[in-house]
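Now for the letters of each chain:
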Amino acid sequence: MKIVNYKDFDLNLFKLKEKVVHVPTDSLCLMENPSLPDIACYVQIKRDNGHFSGDTVLARVSNLQEYSIKDAAEYFNVPEDFFELKEL
């Protein structure tokens, strides 16, 4: 699985249904462990003032989907070169 990483903030971005979520770098290894079906992640929320915040949720690893650099750039309103693809 590919990870979209927002380089300036070290955000590892995935899609969870229609939401953008961040999985902390130190938790990525847990996604490969089939005995752990759920993982804590942070739903990225756009605020009215243009800032972002993260609400903690517990998500099924199997529900996390790859996210694209193009979609991430549009969501965060920054250039695509702010992101990179990494392998899980």
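Before going into details, it helps to say that this report is about the structure given with it.

Reading the values: the criteria
Residues numbered from 1 in each chain as written. Predicted model: local features only at pLDDT ≥ 70, side-chain atom pairs only at ≥ 80, totals over all residues. Heavy atoms only, no water. Helix = DSSP H or I, 4+ residues; strand = E, 2+ residues; numbered from the N terminus. Buried < 20%, exposed > 50% of the residue type's maximum accessible area, 1.4 Å probe, protein only. Phe/Tyr/Trp six-rings, centres within 6.5 Å; stacked < 30°, edge-to-face > 60°. Lys NZ or Arg CZ within 6 Å of the ring centre and 35° of its normal.

1. Some details on unusual backbone geometry
Peptide bonds are trans in most cases, and residues, glycine excluded, mostly fall at negative phi.
Phase 1 of the analysis: For Asp10, which is not glycine, the phi torsion reads 50 degrees and is therefore positive.
Phase 2 of the analysis: Inspection of the secondary structure assignment puts Asp10 in the loop between strand S1 (2-6) and strand S2 (11-16).
Phase 3 of the analysis: On the basis of relative accessibility, which here comes to 35%, the residue Asp10 falls in the partly exposed class.
Phase 4 of the analysis: The phi angle at Lys17 is positive, at roughly 55 degrees, despite the residue not being glycine.
Phase 5 of the analysis: Within the secondary structure, Lys17 is located in the loop between S2 and strand S3 (19-22).
Phase 6 of the analysis: Its relative accessible area of 66% is what places Lys17 among the exposed residues.

2. Brief notes about the packing of aromatic side chains
Phase 1 of the analysis: Taken as a whole and judged by the stated rule, the model has 8 aromatic pairs.
Phase 2 of the analysis: Ring centres of Phe52 and Phe76 lie 4.7 Å apart, and the angle between their planes is 45 degrees; this geometry places the pair in the tilted category. In this pair, Phe52 is assigned in strand S5 (residues 52-60) and Phe76 in helix H1 (residues 69-76), connecting sequence segments 24 residues apart.
Phase 3 of the analysis: Given a relative accessible area of 31%, Phe52 falls into the partly exposed group.
Phase 4 of the analysis: Exposure remark for Phe76: the relative accessible area of 7% places this residue in the buried category.
Phase 5 of the analysis: With centroids separated by 5.1 Å and ring planes inclined at 85 degrees, the aromatic side chains of Tyr75 and Phe76 adopt a geometry described as edge-to-face.
Phase 6 of the analysis: Residue class for Tyr75 comes out partly exposed when judged on its relative accessible area of 21%.
Phase 7 of the analysis: Aromatic ring contacts, followed pair by pair, group Tyr6, Phe9, Phe52, Tyr75, Phe76, Phe82 and Phe83 into a single cluster.
Phase 8 of the analysis: Over the aromatic face of Tyr75 sits the side chain of Lys46, whose NZ or CZ is 4.8 Å from the ring centroid.

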